[in-house]
Amino acid sequence: MTLKNILLRTIHQKNKFVNVAATAVKLTNQEQYEYKEQRRNDSNYRRIVGSALFSSVLVGTVFAEKSHKKGNKNKDGDTKVEAGERRPDLPTFRAEEVSKHDNEKSFWVTYKNGVYDVTSFLPSHPGGEQIMNAAGLSIEPFWNVYGMHKTQEVYALLESYRIGNLHEDDIVDHTDEELWVKEPSRDKRLIVKTNKPFNAEIPAKLQIAHFDTPNELFYVRQHMPVPDLDAGQHSVRVIIRDGSTRVKEFSLDKLEMFPKGSVRAALMCAGNRRSEMNEQVKPVKGISWQGGAISNALWEGVYLRDVLVYCGVDTANTVGKHVIFTGSDIDATGVNFSTSIPLDQALNPNGRILLATHMNGNPLPPDHGYPLRVIVPGAPAVRSVKWLESITISYDESPSHWHQKDYRSFNASKTWETADFATAPPIYSLPVTSAICDPADGDAVVAKDGVVEVRGYAYSGGGAKILRVDISPDCGKTWLQADELQCDDAPPQQHYAWTLWTARIPVAKGQKELELWAKATDSNFNTQPEKFDDIWNIRGVLSNAYHKIKVQIKH
Ligand SMILES: Nc1nc2c(c(=O)[nH]1)N[C@H]1C(S)=C(S)[C@@H](COP(=O)(O)O)O[C@H]1N2
Ligand SMILES: [Mo]
């Protein structure tokens, strides 16, 4: 390692993010950029990141299982486990000594005052080789980003590998304040799934209250802390790699040279309704979204196609086959969030892909990508990269682990051991789905004049229109068509917004209980499968079977 590399590594370790660190030691932008590029291009590094991070929740789950099996060393059972407290009964190590144990044969890490030999734990780390980044170092900066480690179970597990104390002079304050201190304030009505990173769904009854979801109620899906950006300073680079590399940079002002564009589009996480698949078949790994990982908005900005064409990109002459979108949010190892879509999809004028600056008439809120995000209508929302800082025309798909190791489709027999992410198709569109939002499962509802009113949403990917929503009040024997569909007035194959629907279900006098099934049919005449069994998959994505609820009836 060169001196500079050691310095960079130390900075990185101490201050979590290259940018933050770099300001402290005055690395130039170019140096920061090169450092990040170097890490990204290093194949070993890519392998490490590539095999890591199935999902935050997966990590949480497996850690919990593992520590449960090992047994909690804390005798009082319920009392709080404090990891990293000074233990006078154990030897003291200098950081220099710890840093020598940085390989698979001997792998030490520190946490606050604690020194741990976790060599034997390496093979079972749920985040795979990602753990190698902490070799001989403190794990706190990493845990600050992958906050799911911060549970009693994981602390107990960590303490079970305790071998000593870190010398007082070598202790660095790694509190996560500075990482999360800039998080935006959020509406209290959102249903929080995880706090750091912030993930929250919109309550079902508020989903159907507005066709365009108010910005503060729009569901939020973050993988990292929200970057603190300034519209006046922000720019997006278009990078074309075909033999030589050409770069064009656009400030937000400069983007205004293109005609204004807009699209009314729902964003839906590919994991929406995952909790039903999880409960009705068998466990899947991922945030346990109910039906609230979808919301709808009017997006305004300029069309991606216009920008690409201006930069000389076209399907006939451009060597690249994919468009990689990169955001300004970065993980603990300094890698920016990124994913890609096929170039054909990006250039299709009917695709209406937008570089959006506005959401429902206001500048994008920080949680939704301020000051610039790409909106890829009809695609899983992961492709709609927030805080967009570069657009790369590349021969290959994005190498990021978010693109390579997630949002891909597998059959119901594939397990974590047999699933091959490299050959599985990335999800670029979404199947038809629907959900009943009001009443909720278990509600007591009033039958007015012998009729129960039921409301919900339906949505299909790729611009398909919702033609029908059907409700069965008797487990599929008979079906009633929802009599009100509220949808946008987009041209055919450009129905990117959701559809809100209302159905009126007659009930018999004295009927106490009602089971309701909902399914939608789209303009390709695709419809939802009845059960989750056959579409079950390890990540619980594309979870679009009939939505089924039971309610009590009050007459
Ligand atoms: N830069 C960046 N873009 C991102 C993400 C992210 O973590 N970072 N999450 C993606 C995922 S998985 C989803 S579902 C949507 C969520 O968008 P929203 O938070 O505006 O609802 O953003 C996508 N774009
Ligand atoms: Mo997502």
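From a predicted model like this one, the values you see are computed outputs, not experimental measurements. In every chain, residue numbers begin from 1 and rise along the written sequence. As they are written, the chains are lettered A onward and the ligands numbered 1 onward, keeping that order. Restriction of local features to residues with pLDDT of at least 70 applies here, the model being predicted, together with a cutoff of 80 or more for giving and counting side-chain atom pairs; totals for whole chains, interfaces and linings are based on all residues. Water and hydrogen atoms play no part in the side-chain values, which are based on all heavy atoms of the structure.

Enquirer: I keep staring at the overall build of the chain and nothing clicks. Help me out?
Expert: Assigned secondary structure in the chain consists of 15 helices and 27 strands. Taken over 555 residues, the chain has a buried fraction of 54%. With residues, only the protein chains shown are counted as cover, and all accessible areas are computed by Shrake-Rupley using a 1.4 Å probe. Total accessible area on the chain is roughly 24400 Å²; 50% of this is exposed by carbon and sulfur atoms. Numbering of helices and strands runs from the N terminus, with a helix taken as a DSSP run of H or I at least four residues long and a strand as a DSSP run of E at least two residues long. Buried residues are those whose accessible area, probed at 1.4 Å on protein chains only, stays under 20% of the maximum for their type, while exposed residues exceed 50% and partly exposed ones sit between those limits.

Enquirer: Which parts of the structure should I look at to understand the pattern of salt bridges?
Expert: Close approach of charged atoms allows side chains of opposite charge to pair. The salt bridge definition used is simple: a Lys or Arg side-chain nitrogen within 4 Å of an Asp or Glu carboxyl oxygen. Scanning the entire structure with this criterion turns up 21 salt bridges. Of the charged contacts in the structure, one is a salt bridge between K100 and E97, with a shortest N-O distance of 3.9 Å. With a gap of 3 residues between them, K100 and E97 both fall in helix α6 (residues 95–100), about one helical turn apart. Judged by relative accessible area, E97 falls into the partly exposed class, the value being 29%. For the salt bridge of R504 with D483, the shortest nitrogen-to-oxygen distance reads 2.9 Å. With R504 in strand β25 (residues 499–506) and D483 in the loop between β23 (480–481) and β24 (484–486), the pair connects residues that are 21 residues apart, well separated along the chain. Given the relative accessible area of 33%, R504 is considered partly exposed. For D483, a relative accessible area of 49% puts it in the partly exposed group. One salt-bridge network, in which partners are shared between bridges, spans E453, D483, E484 and R504.

Enquirer: What exactly am I supposed to notice about the environment of T194 here?
Expert: Here T194 shows up in strand β6 (residues 191–194). Each C-alpha atom of the pair T194 and G147 lies 8.9 Å from the other, and the pair is 47 residues apart in sequence. Within the local environment of T194, its side chain forms a polar contact with the backbone oxygen of P197, the two atoms lying 2.7 Å apart. Polar contact is the term for a pair of N or O atoms within 3.5 Å; when the atoms are in protein, one must be able to donate a hydrogen and the other to accept it, and sequence-neighboring residues count only if both atoms are side-chain atoms.

Enquirer: Sorry if this is basic, but what is going on with the sheet that holds β6 here?
Expert: The strands that make up a sheet are held in pairs by hydrogen bonds between backbone atoms, and each pair lies either parallel or antiparallel. Strand pairing requires that DSSP identify at least two bridges connecting the strands. Strand order in the open sheet formed by 3 strands is β6-β7-β8, and the pairing between neighbours is antiparallel. Of all strands in the sheet, those bounded by a partner on one side alone are β6 and β8 (220–221). Pairing between β6 and strand β7 (residues 199–201): 3 bridges, direction antiparallel. By the bridge assignment, I191 is partnered in β7 with E201.

Enquirer: Could you clarify how one ought to interpret the site of ligand 1 in this entry?
Expert: One heavy atom within 4 Å of a molecule or strand makes the whole residue count as near it. Of all residues adjacent to ligand 1, which total 19 residues, the nearest are Y219, H223, D329, H368 and K386. The separation between an oxygen atom of ligand 1 and a polar side-chain atom of R373 is 2.8 Å. Gly is placed with the polar residues, together with every amino acid not listed as nonpolar (Ala, Val, Leu, Ile, Met, Phe, Trp, Tyr, Cys and Pro) or charged (Asp, Glu, Lys and Arg). Of the residues contributing to the shell around ligand 1, the split by class is 10 nonpolar, 4 polar and 5 charged.

Enquirer: Just to check I follow, could you spell out the packing of aromatic side chains for this structure?
Expert: By convention here, two paired aromatic rings are described through the distance between centres and the angle between planes. Pairing of aromatic rings covers Phe, Tyr and Trp, the last counted by its six-membered ring, and requires centre-to-centre distances within 6.5 Å; plane angles under 30 degrees mean stacked, over 60 mean edge-to-face, and any other angle means tilted. In this structure the tally under the stated criterion is 17 aromatic pairs. Both rings, one in F121 and one in Y161, keep their centres 5.8 Å apart while their planes meet at 50°; by these two values the pair is tilted. Here F121 is found in the loop between β4 (114–117) and α7 (140–145), whereas its partner Y161 is found in the loop between α8 (152–159) and β5 (162–166), with 40 residues between them in sequence. Each member of the pair, F121 as well as Y161, is classed as buried. Look at W517 and Y546: their rings are 5.8 Å apart centre to centre, the planes differ by 55°, and that puts the pair in the tilted class.

Enquirer: For this particular structure, what's the right way to read the nonpolar core?
Expert: Nonpolar side chains in soluble globular proteins tend to be buried together. Ranked by size, the top nonpolar core spans 67 residues in total, and within it L255, V307, L308, F325, L355, L388 and I391 carry the most contacts. As used throughout, domain bounds are those supplied by an automatic or database domain assignment. Viewed by domain, this core spans two of them, domain 1 (3–180) and domain 2 (235–404), each represented by three or more residues. Contacts are assigned to residue pairs with any non-hydrogen atoms lying within 4.5 Å of each other. Apart from the residues lying within four places of it in its own chain, the contact partners of L308 are V238, V313, A346, L347, I391 and I393. Grouping buried Ala, Val, Leu, Ile, Met, Phe, Trp, Tyr and Cys residues that are joined through side-chain atoms within 4.5 Å yields what is termed a nonpolar core.

Enquirer: Please clarify how the sheet that holds strand β27 (residues 547–554) should be interpreted in this entry.
Expert: Pairing within the open sheet is mixed, and its 5 strands lie in the order β20-β27-β26-β22-β23. Looking along the sheet, the strands with just one partner apiece sit at the ends: β20 (444–446) and β23. Judged from the 3 bridges that link them, β20 and β27 form a sheet pairing that is parallel. Note that in β27 the partner of A444 across the bridge is Q552.

Enquirer: How do you make sense of the confidence of the model for the chain when you look at a structure like this?
Expert: Regions with low pLDDT should not have their predicted coordinates read in detail. Scored from 0 to 100, pLDDT records how confident the predictor is in each individual residue. Mean pLDDT for the chain: 87, with 85% of residues reaching 70 or above. Here residues 1–35 scores under 50 on pLDDT; set against residues more than four positions off or in separate chains, the count is 54 contacts.

Enquirer: I tried to follow unusual backbone geometry on my own but got confused; where do I start?
Expert: Outside of glycine, negative phi angles account for most residues, and trans bonds account for most peptide bonds. Between K196 and the following residue, P197, the backbone shows a cis peptide bond with an omega angle of 0°. When you line up the elements, P197 lands in the loop between β6 and β7. Note the cis peptide between Y370 and P371, where omega equals 5°. Position of P371 relative to the elements: it lies in the loop between β16 (362–363) and β17 (373–375). Unlike most non-glycine residues, R352 shows phi in positive territory, near 55°. Along the chain, R352 turns up in the loop between α14 (343–347) and β15 (354–359). A positive phi angle is found at N360, which is not glycine, with a value near 50°. Counting through the fold element by element, N360 comes out in the loop between β15 and β16.

Enquirer: Explanation requested: α8 in the structure shown.
Expert: Turn by turn, an α-helix covers 3.6 residues, leaving residues three or four places apart pointing in a common direction. With respect to burial, α8 is a largely interior element, 6 of its 8 residues being buried. Those residues of α8 not exposed but buried are V154, Y155, A156, L157, L158 and E159.

Enquirer: Can you walk me through the pairing of strand β22 (residues 466–472) in this structure?
Expert: As a general feature of sheets, a regular strand has side chains that alternate between the two faces. Along β22, 5 of the 7 residues are buried, which leaves the element largely enclosed by surrounding structure. In this structure, β22 lies alongside strand β26 (residues 513–522), joined through 6 bridges in antiparallel fashion. Among the inter-strand pairings, I466 is bridged to a residue of β26, identified as D522. Here 2 bridges tie β22 to β23, and the two strands are oriented antiparallel to one another. The partner of D470 across the bridge, within β23, is Q481.

Enquirer: How should the environment of K182 be read in this particular structure?
Expert: Residue position: K182 is located in the loop between α9 (177–180) and β6. A relative accessible area of 52% places K182 in the exposed class. When the C-alpha atoms of K182 and V226 are compared, they prove to be 7.4 Å apart, with 44 residues separating the residues in sequence.

Enquirer: Any chance you could explain the side chain of T433 here in plain terms?
Expert: With respect to the helices and strands, the residue T433 is situated in strand β19 (residues 433–438). What makes T433 buried here is its relative accessible area of 2%. Here R273 takes part through its side chain, which lies 3.0 Å from a polar atom of the side chain of T433. Leaving out residues up to four positions away in the same chain, T433 has contacts with M268, R273, A458, Y459, A520, Q528, S543 and N544.

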